[in-house]
Structure formats: C-alpha cells, structure tokens
Amino acid sequence: MTVQTTAIHKILVVGPSWVGDMVMAQSLFRALKDDNPTAVIDVLAMDWTRPLLERMPEVNKAITMPITHGTFGWKIRKQLALELAEQAYDQAIVLPNSWKSALIPWFAGIPVRTGWRGEMRYGLLNDIRNLDKAALPMMVQRFVSLAYPASQSQAAPSYQAPLMQAEPIKADVNPVIMPDQKRLILCPGAEFGPAKQWPAEHYAAVANHFLDDGWQIVVLGSKADQTTAHEIAKHIAVSHLEQFYDLSGQTKLEDAIDILDTADCVVSNDSGLMHIAAALQRPLVALYGPTSPSFTPPLANNAQLLQLDVDCGPCFQRTCPEGHHRCMQELAVKRVTDLIRFITDEHNQTR
C-alpha cells in the first residue's frame, strides 16, 4: 500500500482520549511518515496524553483539546478551529468515532477530512470510510488504514508496532529505582472497570514469590488504583517490605513511562500502562479477562498474553454480570510466575 501523499504536507490528527489507544495511534503516525517523510504531523488530544506524544518522534506538536469528555463546548471548539485554520493543514484524520470529534476540522476548513463513518458525520468528513469490522478486526489496523486511500481502506494493512522513547530516570524524582537490581513492575489498575483487574491477592503472591529471590517490586498506577495497591501491600511479607515500593498515584505519566522502561518484566491488566510497556519493548505478561486481546493486544513480540477460556466471556462489561469474576479469579498465580521466568530468561538470552 502507498500512503496518499498528493498535496498532503501538513496533517492534523484528532487523537483518542484513552492512554492505550493513543499508544496504538503511533502506528498510524509511523505509516504516515514512512511514505511521506517530510509530512508534519500535529495531534489534537486531551492534555493527559501529551507525555506520550512527546515521546513519539513522528509527532511534530501536541495540541491540547480544551474540552473535557462529555462537554459540547460549541464556542470553544469554534475558537480553537479558528486558531488551527491559521496553520493551513492539508488533511485531518479523525480517530474517535463521535460526531463532536469531527467538528473542529470542519470548522477549521481543513480540505481533506478523513475518518470512519461513526455518528452521522456526512459533511463534517469528506473522506469518509465505511468500516468492515471483519476485515479490520484490530484497533491498530483501523487506525493505520486511515493513512491510505479510501480504495484500499478495507484491506488489512501491515503496520509497525508503537516504539516509544524513554528518558533516563532522575534520581531525585524516583530514588527507589536502583540500576543494578532485578525489577518486576506491577500495574494492577484498569480505567475500564474492576472486571479487568486481576485480584490484589494474586498480585501480592507474585510479588512475594520474586521478593524471595531478591527482586525489587514496584507498583505503578493512578490515584484511582491506590486502594488496589494498598491491598497488595497488606499481603506482602514484612521481611520484604523494604524492597516493595508502591508508587501508585505518586508519579506523573512521563515518570511512569521512564520507570516502566527500567523493568526486567511487567505484569499488567489490559490497561494503558500495558500498552506503554509494550511500546517500550519491555518483557510483559498481559492479563486479560472480560476484554479481548484480538481487538487491542499489546503490540510487542516479547509480550505474553494470559486469558482463561470461560463460557461467559469475554463479556466486555465493567463489572462481572455473573458475580463470580471467574475469568480473573481463576487465572492462577503459578501460570503468571512461570511465564515471568520464561520471558525474562528468553529476553536475557537475546541481549
């Protein structure tokens, strides 16, 4: 496939709001730059995704979307569009499927406005695509497909995985990161809802297993994950607490990215941090329950997936509709510890 580059020099991408989705969007940016190396790519997105975009070399500039999710903000959108019109973009690529997400490129008068059909966006988009979900089952394929002409948009494109750049850890910011110690990083949260979370006791059992072998354990997550992280900490053996660090709610996203890059292995639910670890090419064990890795898998060769085959899943629900949460409760600790050993040994052999 060849990216449509005729008269396209400056591109505005309206990015997704979720951290994991924005990580996967880098595959689109890489596709655009591969066939059009001089293209300038700016990304309009929520400000919390800025640390991700700043670590993607394909992105020229991150532009903050000044409107929170669920807010219409007609006047704010028009004002931002007037400012963007001065940038003379040749094309806008709109990744979210909402009607509102296509308004700003339309207000800005960007000549080519590309995106999937979504919520009644005829007129707002003038390069509109009809999605065949069977032909493009993965989110990353749907993103990358928008780099190509409409005549090719239903053919599953090859794609390059996200490849994020980390920065050296600042000792005064994160003094717990010791350079010469094996480190397992746990990411027990999930913004989607509690159904995606492996039980805290299971995470604690994994932590104790590797603490016994002298590893350092670091827990990462947002403030919303602090309750889960504290529950993990309650199950850590007292003799190991000096090597167990709960950083949930204490790091900015940019710091979390750089800390993840120091991991010998990461264990994570299906979450934004999972996708970041994959983009950093860290050995990763990804735990799936009510969601499907066939749609949004971690895009890295050294990621290993674990998911139980249960008759009620994947249900894609925020909380378990059956009340038993078998898909995560019955995912055994030993399967995870064995896989951590396997992928870390394999990673060390290929270094």
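Relevant structure appears above.
Reading the values: the criteria
Residues numbered from 1 in each chain as written. Predicted model: local features only at pLDDT ≥ 70, side-chain atom pairs only at ≥ 80, totals over all residues. Heavy atoms only, no water. Salt bridge = Lys/Arg side-chain N within 4 Å of Asp/Glu carboxyl O. Helix = DSSP H or I, 4+ residues; strand = E, 2+ residues; numbered from the N terminus. Buried < 20%, exposed > 50% of the residue type's maximum accessible area, 1.4 Å probe, protein only. Expected span 1.5 Å × (residues − 1). Arc of directions from axis to C-beta. Contact = heavy atoms within 4.5 Å. Lys, Arg positive; Asp, Glu negative; His and termini not counted. Polar contact = N/O pair within 3.5 Å; in protein donor to acceptor, adjacent residues only side chain to side chain.

Caption draft 1: Quick peek at the pattern of salt bridges. Applying the stated criterion across every chain yields a total of 11 salt bridges. Ionic pairing is found between E58 and R30, a salt bridge with its closest N-O pair at 4.0 Å. Note that E58 is positioned in the loop between α2 (50-53) and β3 (61-64) and R30 in helix α1 (residues 19-35), a separation of 28 residues in sequence. Given the relative accessible area of 13%, E58 is considered buried. For R30, a relative accessible area of 17% gives the class buried. With its nearest N and O atoms 2.2 Å apart, the salt bridge here joins R341 to D213. Of the two residues, R341 is situated in helix α11 (residues 333-350) and D213 in the loop between α6 (200-211) and β8 (216-219); the sequence distance between them amounts to 128 residues. A residue is classified by how much of its surface remains accessible, and D213, at 46% relative accessible area, is partly exposed. Here the residues in one salt-bridge network are R55, E167 and D258, joined through shared partners.

Caption draft 2: Focus on helix α3 (residues 74-85). Taking 1.5 Å of rise per residue, 12 residues should cover 16 Å, and α3 covers 16 Å from first to last C-alpha, within 8% of that figure. Every buried residue of α3 is listed here: R77, L80, A81 and L84. End-on view of α3: buried residues confined to an arc of 105 degrees, all on one side of the axis. In α3, the exposed positions that point more than 90 degrees away from the buried face belong to K75 and L82. Buried positions along α3 lie against β1 (10-14), β2 (40-45), β3 and α4 (103-107).

Caption draft 3: Inspection of the side chain of K10 at higher detail. Tracing the backbone shows K10 in strand β1. At 4.8 Å, D42 is the nearest oppositely charged side chain to K10, a buried residue that forms no salt bridge. At 3.1 Å, the side chain of K10 forms a polar contact with the backbone oxygen of Q87. Residues contacting K10, with those up to four places away along its chain left out, are V40, D42, Q87, A88, Y89, D90 and Q91.

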